[in-house]
Amino acid sequence: MYEFKLPDPGEGLLEAEIVSWKVAVGDKVEVNDILLEIETAKSLVELPSPYGGTVLAVLVGEGDLVDVGTPIIRIGDPSEVPDGTTATMPDDGTPSAAVSGAVSEPSPVSPASAAEAPVSGSVQDSRGEPVDPEAPMAMLVGYGAKPGAVARRARKRGAAMATPETDQVHESYDTDRPVSRPIDDVAPLHRVEAAPSGETLPPPGQPTGAGESPRPPLAKPPVRRVARDLGVDLTTITGTGPGGLITHEDVIAAASGARLDDRPGVDQRVALRGVRREMFKTMTASLNVPQATAWVEVDVTGTVDLLATLRDRREFHGLRVSPLLIVAKAACLAIARNPEINSSFDEAREEIVIRGDVNLGIAAATPRGLIVPNIKRANRMGLRELAEALNQMVDLAKQGKAQPADFANGSFTITNVGVFGIDAGTPIMNPGEAAILCVGTVVRRPWVVTRDGEEQVEPCSVCTLALTFDHRLVDGETGSKFLADVAAILADPGLALLF
Amino acid sequence: MATMTMVKALNAGLRRALAADPKVLLAGEDIGNLGGVFRVTEGLKAEFGGDRVIDTPLAESGIVGTSLGMALGGYRPVVEIQFDGFVFPATNQILTQVARLYHRSHGRLNVPMVIRLPFGGGIGAIEHHSESPEAYFAHTPGLKVVSCSTPSDAYWMIQQAIASPDPVVFFEPKRRYHERGEVDLDATPMPLHQARVVKQGKDATVLCWGAMVRPCVEAAIVAAEEGKDLEVIDLRTISPLDDDTILTSVAKTGRAVVVHEAMGTAGIGAEIAARIQERCFYALQAPVLRVTGYDMPCPPNRAEADFLPDLDRVLDAVDRSLAY
Amino acid sequence: MAADFVQLLDPAGNRVDHPDFSYDGTDADIAASLRDMVLTRRFDAEATALQRKGELGLWPPSLGQEAAQVGSAKAARLTDQIVPSYREHGVAWVRGIDPLALLGAFRGSGMIDYDSRASRFHLYSWVIGAHLLTAVGMGMALQRDGLVGEDVADGAAVITYFGDGATSQGDVNEAFVFAASYGAPVVFFCQNNQWAISEPIALQSKIPLYRRAAGFGFPGVRVDGNDVLACEAVARWALDRARRGEGPTLIEAYTYRMGAHTTSDDPTKYRHNEELDAWRAKDPIERVKAYLLGSGAIDQRWLDELASESDAFAEKLRAGCVALPEPDLAEWWDRVYAETPAALLAQRDDYLAYRASFEEA
């Protein structure tokens, strides 16, 4: 037995009126015999029979308004029971379900249309009456949708929901993979900046560990804004959200970490990233180097006086002039006399390389951490040139604009703990160099001076210098002599003429 | 208050416009004697005469071009393009002339013309009869682009479009032509270029127009059963977009899903997503997602159900958005 | 040339002489044409019925135009290129296109799924008139292939089909311009079936269509479009001209659209039954039947066998139509470009994953 459903006779029609039946129950029909006439929104249409057989049942009456897809007639063998117990769709060439017309639509005819809403944002029902926002479902009926009449198709368990696409972004940031990938393969979500983003790359020649570069922090836009407003650096936070996502709470916790609270202290976890990670690595590496430290206290009155003189001089106008400048100059002069201080070890050839020039590293404290850019060929610079180079170097470092080249190839480093008000320290060497000089703060101390053959105690400006050196490359004598030379120049800058 | 199909609503709106202003005229293929292949203009020639309801030769470019001339001659033509896919012979006239005359003339010549296009799929049609070409026109300065989703909007928006001093491309979702709705024939309509919040919600904003409004509303109903509170906005105006309504909503919900039948690449959804991320960046909890036709010409219509966005695809996107 | 109405077989089935054209085939050839027309009409009737049963979304009937289509198609050699519009089911039949491929396009189970290169029967197209430019271009290619000219042994040409409404489209007129300018080997075969949906020919043109050709600078001939002998003779003459390098011709086959524009159309809204009755009296199949019965070339038994063949053909069509495979959207990403960009393949993969995520796959 075949059941014929009302087809869509003309491109998107939803219903038709049964105008007249041309057959009755019991009639024999052949394929293409006209069964009935219907009226649609467009026209009067005769419908031919898809089947041959006997009319078993006529399911709708003349004058009925019938939806497309409704069964209208059953045709088959006279012996069949005409009330639907037989399968409706045998698969021997009978028509498939009427497809033309409504595409996966639920029962289409329903009171529809919401009217106008005079104010955007407020909601009206289909008659223009304002709708109680607590009961929004009622008015949705106006759009032809009946609650309960539609449902979503069942999905399999664990149906993959697309995860955030951040993996692609990280692929494109890996620096140990070749950059030349076809553009189509990676959806670039970030503009690649020509200027460094503030995270410095490790100096070339340094082992970079496993070769991973730091991931940009993951945070949604609203979290970023909060971080920005609170002055929290996202790179210093470990996110507690999925995949390391930094949450709003993470930012708040980081920001309020310094505030006094009567809540119990919350452990803060700081991921090793960027500059901090580099410092960790270089310091660990320097454990392999046998380091000895010597120190000396110097009366730097002469230096202080010299600085006052320099500041008045025209060629130093606009430049920052500090004890560090004199120390830097003194170190370069002293290196000329004690060249092993400015050396490195070529492990492959087992040779000590005494460097031809001084690439003077200045350890700088920045918001991102400790970095050591160096001034190339500082030994060849006059005092003014050196002052300029120092100023520039310090500014670039503070702004995070130092280039990778600036960190490469240092030969000697000065670290200034004096800016923190610290007397002295035992500095740790920059790997690849032979020595590092630590300069303390200039303090007023009681000092024994000789006046007219008489010893007296006077307040003097005193500074402590400490030199840590690689005892494989520099022996105690060399180290001490170097330190003494620097001290001599600081005590009496005129002695620089001897160097 | 009357209940009528969208076809009848358009018919009533056109009738009212023709009656109110003797300068309004209709031009198109088969619109007079036949009343249009969808019967939108049924009875209008009998009532207003063949000079005002014009059966034209079979030439879309000719229809639009000559209607432009009539507009400059003081008339207000309403052009019917028989199917979306047949607007392309007319695009030269639309893009180079209709859209530009106001600009070219230093603001002296305006073109109060409406170009009506039945658009979209879902009716089991052959090639060229299921297109969604809104983006080509939205990309063209000088044209306004709108789309009704209900009989009530159809009734009012067609009159407003005819009254507009600017040329309006008027998209009618043919899939909804025969669906009924209530029309208040005496109401004060909302402005033409304003979006409507169909349903308020707080979890995500769903943006749609034309035939897609209904599946989005149905998706919101199902989502509510799952405890998700969607806000559904019928954009109504594609060019200009109602930025206020869109951005206010997304700033509130933090999530947006745009739904349109047209291909995703370079579609209207892309423009909406760009604006949202530019102006609601810090409110966004998830990227703006788009549920669209795939980037291919419309497939054979028996594969259409997979191609066109439907309730399941809308909810899939909502779920993905909420997963961020 | 008496070009305003070429007829070689009148509606009653009598042979008619014409000063410029003659039909040189045998009665057996004419019987073959009758069979082609009968089967074309049957194909068309079944397709119309299939639409009414919901198996096709749409069908544009060729009812009444069988002579114009079968006759002209017979004049085309297999090496000639044919560029149809969307109603040339009779041409497709003569050309050997599988009818199911046409049904599939209107059913929506595929786009236009036959090998148009092998058959030289181009794809059906629905944008009115746009394909005439294609046809002229194909003619221009043939010229460059050296297949057109007086001394070319096996020349080739193009014949393209369109209706009276199409002649208003800009593309059609541009095609005339190009064809004339280059002397392209194109036969423009216009079936003036009097109606473009609801618009009568008088709205499209103020003069008989065949006379437009003169304005463009090439010959135009009007032929009785319900006379299969005249259609074949005139088409043959025009194609020979084109192959010899003598340029384009416009043939206006004056016929009638006995059915609706498509199954979505209701002609009762704009046409009168008297018009249909008048044209029914000029039926293309009846006159050929009358002639062949009269000449004794066929008899009732021949007709009965043809009717059986027609019934069997119809049954195969009906069964074949509902058995057409459903299209799989996943196959269509590869059919946008010859070289599919990676982004499209990724989109397809996303779709497949999405599709597989449902329980009832």
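Please read these numbers as outputs of a predicted model, since none were measured by experiment.

Our focus in this paragraph is the overall build of chain A. Counting its regular elements, chain A contains ten helices and 19 strands. Classification of the 499 residues of chain A by burial places 41% in the buried group. In chain A, 60% of the contacts between residues at least 6 apart in sequence involve partners at least 24 apart. Accessible area of chain A: about 26500 Å², with a carbon and sulfur share of 53%.

Time to look at the overall build of chain B. For chain B, the count of helices and strands is twelve helices and 14 strands. In summary, chain B has a C-alpha radius of gyration of 19 Å against a globular reference of 20 Å for 324 residues, a match within 12%. Taken along the three principal axes of its C-alpha coordinates, chain B extends 60 × 45 × 40 Å. Buried residues in chain B amount to 68% of all 324 residues. For chain B, contacts bridging at least 24 residues in sequence account for 82% of all contacts bridging at least 6. For chain B, the exposed surface amounts to about 9700 Å²; the carbon and sulfur share of it is 52%. Charged side chains of chain B number 31 positive and 40 negative; the gap between the two group centres comes to 4 Å.

As a further point, take the sheet that holds strand β6 (residues 53-58) of chain A. Residues and elements named next belong to chain A. Taken in spatial order, the four strands line up as β1-β8-β6-β3 in an open sheet, and their pairing is antiparallel. The open sheet has two edge strands with one neighbour each: β1 (2-5) and β3 (28-29). Of the pairings in the sheet, the one linking β1 to strand β8 (residues 71-76) comprises four bridges and is antiparallel in character. Within β8, the residue paired with F4 across the bridge is I73.

Below, the discussion takes up the side chain of R348 of chain C. Residues and elements named next belong to chain C. Along the polypeptide, R348 turns up in helix α14 (residues 342-356). The class for R348 is buried, based on a relative accessible area of 19%. Only 3.3 Å separates the side chain of R348 from the side chain of D334, close enough to count as a polar contact. With residues up to four places along the chain from it excluded, the contact list for R348 reads A330, W333 and D334.

Next up on the list: the packing of aromatic side chains. Aromatic ring pairs are described here by two measures, namely the spacing of the ring centres and the angle between the planes. This model, assessed by the stated rule, comprises 36 aromatic pairs over all chains. Between Y294 of chain B and F307 of chain B, the aromatic rings sit 6.3 Å apart at their centres with planes inclined by 65 degrees, giving edge-to-face as the arrangement. Within this pair, whereas Y294 of chain B is found in the loop between β14 (289-293) and α11 (304-307), its partner F307 of chain B is found in helix α11, the two being separated by 13 residues in sequence. For F307 of chain B, a relative accessible area of 2% corresponds to the buried category. Among the aromatic side chains, those forming a connected cluster through ring pairs are F43, W59, F106, Y114, F121, Y124 and W126 of chain C. Directly above the aromatic system of F358 of chain C lies the positively charged group of R155 of chain A, at a separation of 4.8 Å from the ring centroid.

With that settled, the discussion passes to the pairing of strand β11 (residues 230-234) of chain B. Residues and elements named next belong to chain B. In terms of burial, β11 is a largely internal element, five of the five residues being buried. Here β11 shows a buried face lined by L230, V232 and D234 and a second buried face lined by E231 and I233. Sheet topology note: the strand β9 (residues 196-199)/β11 ladder contains three bridges and is antiparallel. When the sheet's bridge partners are listed, K199 is paired in β11 with V232. Direction of pairing for strand β10 (residues 204-208) relative to β11: parallel, over a ladder of five bridges. Following the sheet pairing, L207 is matched in β11 by I233. Regarding the hand of the β-α-β motif, the stretch spanning β10, helix α8 (residues 213-225) and β11 is right-handed.

Nonpolar side chains collect at one region of the surface, where F345, I352 and I354 of chain A lie side by side and expose about 260 Å² of accessible area between them. Structurally, I354 of chain A is set in strand β11 (residues 351-354).

Bringing the packing of α8 of chain B against helix α12 (residues 311-322) of chain B into the picture now. All names here are of chain B. Direction vectors running N to C along α8 and α12 enclose 60 degrees, while the axes themselves pass 9 Å from each other. The orientation of α8 relative to α12 falls into the category oblique. With respect to the hand of their crossing, α8 and α12 are arranged in right-handed fashion. Across from P215, C216, E218, A219, V222 and A223 in α8, the residues of α12 making contact are L311, V314 and L315. Residue composition of the contact of α8 with α12, grouped by class: eight nonpolar, no polar and one charged.

Here we come to helix α1 (residues 6-20) of chain B. The end-to-end C-alpha separation of α1 of chain B is 21 Å, in line with the 21 Å expected for 15 residues at 1.5 Å each. Taken together, the buried positions of α1 of chain B are occupied by M6, V7, A9, L10, N11, G13, L14, A17 and L18 of chain B.

Moving on, we come to the pairing of strand β2 (residues 158-163) of chain C. All names here are of chain C. Taken across its six residues, β2 has five buried, putting it largely inside the fold. Sheet topology places strand β1 (residues 81-83) next to β2; three bridges connect them, and they run parallel. The residue bridging I82 from the neighbouring strand is I159, located in β2. The pairing of β2 with strand β3 (residues 186-192) spans six bridges and is classified as parallel. Note on β3: the bridge partner recorded for Y161 is F189. Regarding the hand of the β-α-β motif, the stretch spanning β2, helix α7 (residues 170-182) and β3 is right-handed.

Residue and element names in this part refer to chain C. Read across the sheet, five strands follow the order β1-β2-β3-β7-β6 without closing on themselves; strand pairing throughout is parallel. Single-partner strands in this sheet number two, and they are β1 and β6 (220-224). Across the sheet, the axes of successive neighbouring strands diverge by a mean angle of 20 degrees, strand direction being ignored.

This paragraph deals with the confidence of the model for chain A. Residues and elements named next belong to chain A. Chain-level statistics for chain A give a pLDDT mean of 79 and a share of 73% at 70 or above. The secondary structure element of chain A with the lowest average pLDDT is helix α2 (residues 166-173), at 41, and the one with the highest is helix α10 (residues 476-491), at 96. A low-confidence stretch, residues 84-131 (pLDDT under 50), is modelled with 145 contacts involving residues beyond four sequence positions or located in other chains. Ignoring residues within four places in sequence, the model shows residues 163-175, a span with pLDDT below 50, making 20 contacts including any to other chains.

Calculation rules
Residues numbered from 1 in each chain as written. Chains lettered and ligands numbered in written order. Predicted model: local features only at pLDDT ≥ 70, side-chain atom pairs only at ≥ 80, totals over all residues. Heavy atoms only, no water. Helix = DSSP H or I, 4+ residues; strand = E, 2+ residues; numbered from the N terminus. Buried < 20%, exposed > 50% of the residue type's maximum accessible area, 1.4 Å probe, protein only. Contact = heavy atoms within 4.5 Å. Areas by Shrake-Rupley, 256 points an atom, 1.4 Å probe, with all protein chains shown as cover. Rg over C-alpha atoms; globule rule 2.2 N^0.38 Å. Lys, Arg positive; Asp, Glu negative; His and termini not counted. Charge placed at Lys NZ, Arg CZ, Asp CG, Glu CD. Pairing = 2+ DSSP bridges. Polar contact = N/O pair within 3.5 Å; in protein donor to acceptor, adjacent residues only side chain to side chain. Phe/Tyr/Trp six-rings, centres within 6.5 Å; stacked < 30°, edge-to-face > 60°. Lys NZ or Arg CZ within 6 Å of the ring centre and 35° of its normal. Right-handed = clockwise from strand over helix to strand, strands pointing away. Patch = residues over 30% accessible without salt bridge, like charges linked within 9 Å, V, L, I, M, F, W, Y side chains within 5 Å. Salt bridge = Lys/Arg side-chain N within 4 Å of Asp/Glu carboxyl O. Axes fitted to C-alpha atoms, helices over the stretch in contact; angles between N-to-C directions. Parallel < 35°, antiparallel > 145°, perpendicular 65-115°, else oblique. Left-handed = near helix turned anticlockwise from the far one by under 90°. Nonpolar A, V, L, I, M, F, W, Y, C, P; charged D, E, K, R; others polar. Expected span 1.5 Å × (residues − 1). pLDDT = per-residue confidence, 0-100.

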